[in-house]
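Breakdown of the fold
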Amino acid sequence: MTASLIDGIAIAAKVRSEVAVGVGKLLKDSGITPGLATVLVGDNVASQTYVRAKQKACAEVGIESYGHVLSSDSTQNEIVSLVRDLNADHSVHGILVQLPLPDGINEEEVLSSISIEKDVDGFHPINIGKLGMKGRDPLFVPCTPDGCMRLLQESGAEFSGANAVVLGRSNIVGLPAAMLLLKRNATLTVCHSRTRNVAEVCRQADILIAAVGRPEMVKADWVKPGAFVIDVGINNKWISHTDDREFRCASSGDLFTAHHQDLSEKGGRKRMGYLDESSGDVYSRDHLPNGIEVEGLVKLFRKNKLVGDVDFDEVKEVAGHITPVPGGVGPMTIAQLLSNTLRSAQALS
Ligand code: NDP
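Every value quoted in this text rests on a predicted model; they were computed, and no experiment measured them.

Let us look at the packing of helix 5 (residues 125–132) against helix 7 (residues 174–183). Look at helix 5 against helix 7: their axes get within 8 Å of each other, and the N-to-C directions meet at 40°. In this view, helix 5 runs oblique relative to helix 7, as classed from their interaxial angle. Counted together, Ile-128, Lys-130, Leu-131 and Gly-132 of helix 5 and Pro-176, Met-179, Leu-180 and Lys-183 of helix 7 form the full contact between these two elements. Grouping the amino acids of the contact of helix 5 with helix 7 by side-chain chemistry returns five nonpolar, one polar and two charged.

Spatial strand order, 3-2-4: three strands in an open sheet with parallel pairing. One side of each edge strand has no neighbouring strand; the edge strands of this open sheet are strand 3 (64–70) and strand 4 (94–97). Within this sheet the neighbouring strands show an average axis-to-axis angle of 15°, counted without direction. Strands in contact with helix 3 (residues 76–88) are strand 2 (35–41), strand 3 and strand 4; relative to strand 3, the strand with the most contacts, it is inclined by about 160°.

Here the focus is the pattern of salt bridges. Scanning the model with the defined rule gives nine salt bridges in all. Salt-bridge contacts for Arg-16 lead to Glu-60; the nearest nitrogen and oxygen are separated by 3.3 Å. Here Arg-16 is found in helix 1 (residues 8–30), whereas its partner Glu-60 is found in helix 2 (residues 45–61), with 44 residues between them in sequence. The exposure class of Arg-16 is partly exposed, given its relative accessible area of 24%. We note a salt bridge from Asp-311 to Lys-219, for which the minimum N-O separation is 2.9 Å.

Turning our eyes to something else, we now look at the environment of Leu-96. Counting through the fold element by element, Leu-96 comes out in strand 4. Spatially, the C-alpha atom of Leu-96 lies 9.4 Å from that of Val-83, the residues being 13 residues apart in sequence. With sequence-adjacent residues up to four places away left out, Leu-96 is seen in contact with Leu-36, Ala-37, Thr-38, Val-39, Lys-54, Asp-121 and Leu-337.

On to the environment of Leu-27, then. Relative to the helices and strands, Leu-27 is located in helix 1. On the basis of relative accessibility, which here comes to 43%, the residue Leu-27 falls in the partly exposed class. With sequence-adjacent residues up to four places away left out, Leu-27 is seen in contact with Ile-32 and Thr-33.

A few words on the pairing of strand 2. In terms of residue burial, strand 2 counts as a mostly covered element, since seven of its seven residues are buried. Burial of the side chains of strand 2 extends over both faces: Gly-35, Ala-37, Val-39 and Val-41 are buried on one face and Leu-36, Thr-38 and Leu-40 on the other. Examined bridge by bridge, strand 2 and strand 3 share seven bridges and lie parallel to one another. When the bridges of strand 3 are listed, Gly-35 appears paired with Glu-64. In the classification by handedness, the crossover that spans strand 2, the intervening helix 2 and the parallel strand 3 is right-handed. As paired elements, strand 2 and strand 4 share four bridges and run parallel to each other. The residue bridging Ala-37 from the neighbouring strand is Ile-95, located in strand 4.

For the rest of this paragraph, the subject is helix 6 (residues 143–154). Taking 1.5 Å per residue as the helical rise, helix 6 with its 12 residues ought to reach 16 Å, and the 16 Å between its terminal C-alpha atoms agrees with that figure. In terms of residue burial, helix 6 counts as a mostly covered element, since 10 of its 12 residues are buried. Of the residues making up helix 6, those classed as buried are Cys-143, Thr-144, Pro-145, Asp-146, Gly-147, Cys-148, Met-149, Arg-150, Leu-151 and Leu-152. Where helix 6 is buried, its residues contact helix 1, helix 7, strand 7 (207–210), strand 8 (228–231) and helix 10 (330–348). Backbone geometry just after helix 6 places Gly-156 at a positive phi near 90°.

Take the site of the ligand next. Neighbouring residues of the ligand: 20 residues in total, closest Arg-169, Ser-170, Ser-193, Ile-234 and Thr-333. Arg-169 places a side-chain nitrogen or oxygen 2.7 Å from an oxygen atom of the ligand. Between the ligand and Thr-333 there is a distance of 2.8 Å, counted from an oxygen atom to a side-chain nitrogen or oxygen. Taken by itself the ligand offers 930 Å² of open surface, and the protein chains cover 70% of this. The class makeup of the residues in the shell around the ligand is eight nonpolar, 10 polar and two charged.

Our next topic: the layout of surface pockets. Considering only enclosed or pocket space, the largest pocket measures out at about 1,200 Å³ in volume. Taken together, 41 residues form the lining of the largest pocket, with Tyr-50, Thr-144, Ile-172, Ile-234 and Thr-333 sitting closest to its centre. If you list the elements that add at least two residues to the lining of the largest pocket, you get helix 2, strand 4, helix 6 and helix 10. Sorting elements by how many residues they give to the lining of the largest pocket places helix 2 first, with six residues. Taken together, the residues that form the lining of the largest pocket break down as 23 nonpolar, 12 polar and six charged.

With omega at 0°, the peptide bond leading from Leu-99 into Pro-100 counts as cis. Looking along the chain, the bond that leaves Val-325 and enters Pro-326 is cis, with omega of 0°. Looking at the secondary structure, you find Pro-326 in the loop between strand 16 (321–322) and helix 10. At Glu-216, a position not held by glycine, the phi torsion is positive, near 55°.

Conventions and cut-offs
- Per-chain numbering applies: the sequence of each chain, read as written, is numbered from 1 onward.
- Where totals are concerned, whole chains, interfaces and linings use all residues; where local detail is concerned, this predicted model gives features only for residues with pLDDT of at least 70, and gives and counts side-chain atom pairs only at 80 or more.
- Calculation of side-chain values draws on the structure's entire complement of heavy atoms; hydrogens and water are dropped beforehand.
- Axes here mean lines fitted to C-alpha atoms, for a helix over just the part in contact, with angles spanning 0 to 180 degrees between N-to-C directions.
- Secondary structure elements are defined from DSSP: runs of H or I of at least 4 residues count as helices, runs of E of at least 2 residues count as strands, and each element is numbered from the N terminus.
- Should an angle fall under 35 degrees it is taken as roughly parallel, and over 145 as roughly antiparallel, whereas 65 to 115 is taken as roughly perpendicular and any remaining angle as oblique.
- When checking whether two residues touch, look at their non-hydrogen atoms; a contact exists if any pair is within 4.5 Å.
- All amino acids are sorted into three groups, where Ala, Val, Leu, Ile, Met, Phe, Trp, Tyr, Cys and Pro are nonpolar, Asp, Glu, Lys and Arg are charged, and the leftover types, Gly among them, are polar.
- A strand pair is defined by DSSP finding two or more bridges across the two strands.
- The salt bridge criterion pairs a side-chain nitrogen of Lys or Arg with a carboxyl oxygen of Asp or Glu, the two atoms within 4 Å.
- Partly exposed describes any residue whose relative accessible area lies between the buried limit of under 20% and the exposed limit of over 50%, with all areas from a 1.4 Å probe on protein chains only and scaled to the type maximum.
- By convention a crossover is right-handed if, when the strands point away from the viewer, the path from the first strand over the helix to the second runs clockwise.
- A helix is expected to span 1.5 Å multiplied by its residue count minus one.
- Note on definitions. A residue lies near a molecule or strand when any single heavy atom of the residue is within 4 Å of it.
- For this analysis, a polar contact is any N or O atom pair within 3.5 Å, provided that within protein one partner can donate a hydrogen and the other can accept it, and provided that sequence-adjacent residues contribute only side-chain to side-chain pairs.
- The Shrake-Rupley method, run with a 1.4 Å probe sphere, supplies the accessible areas, and residue values consider only the shown protein chains as cover.
- Points on a 1 Å grid, built from protein atoms alone, make a cavity when a 1.4 Å probe fits but cannot get out and make a pocket when they are open with protein on both sides within 12 Å along at least 5 of 7 lines; residues with an atom within 4 Å of a point are the lining residues.
- Grid points are joined across faces, edges and corners, and a volume is the space filled by probe spheres set on the points.

Here it is in structure tokens:
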């Protein structure tokens, strides 16, 4: 490996301990405990997990969290009305509405109803607008892209005049990351699904931020030697337990191939097969003959691995600095949320 690893866990721990010190000082000096209100609408399991993780992180640094859960059939008015109550609540310094909201709810209207002074997620249109304007500073910046900038800064990246490429232009990551780089005087290119010659464009980058949601899309020959590579992607990759091999199914007689490949792409079939190592026979999941027990057989597929948008194993040999997945950008998102909540409490106190 030639690249230095950008350790998101260590840098996030540093941010969290800075926040913990700031929270202690605020309480001592002004008797104020920062408060974060979370608004969760519906029963999306991933959203519940994210909100729980944020509440736990708050508790660890001394921030009070106030959890509000609304049912999935809540109306637009009910959600906005809750946000307005939280805007007026002096114990709440930050308001986080967990996205996505259920179908039929106007996300823009809900985010716009958050007071910009409490918009610790940084998605209020005024904060986003100021992020894009020269000479204006938003009160808060979205946590994931802000975390990317902190990782770059901590690992010694020079922004001014650098060629920066952001892969992806989503409202929550790509676009604000691009605007942050521009604010730091980088020369910016944003790539998206219609960009031609993406690899060639990426190869010009001194700083490359990948936020596309495509497993291991960025390859070694997309990367300029010595570049800073930040991988925002979090993707599941399903791989086989074997090398590419063709088998004849012992029970059905069908030929089938076990590919050592990514099976997570849309339409990819996560076929499950079993290998009897003693006989070399292979059974497809759907044709297990009578008397053959799954126990004792080796699964051919379904090894689940978390990967980023960057092919880490290849790119680490070319880049100068690189974030791993997991352990890179992920831990920074919550750390920046805590930092924003503390800043909000300091400003509102
Ligand atoms: P979105 O799906 O909202 O956006 C993806 C972007 O990538 C779009 O702008 C899209 O272009 C572009 N894109 C898609 N395919 C290609 C392609 N083949 N070539 C070039 N551009 C392409 O994703 P998010 O921004 O929400 O998330 C991106 C990744 O980051 C995901 O893996 C997600 O899980 C992860 N993530 C991680 C977080 C963390 O805390 N670490 C937080 C948030 C997200 P177009 O606009 O033209 O459609």
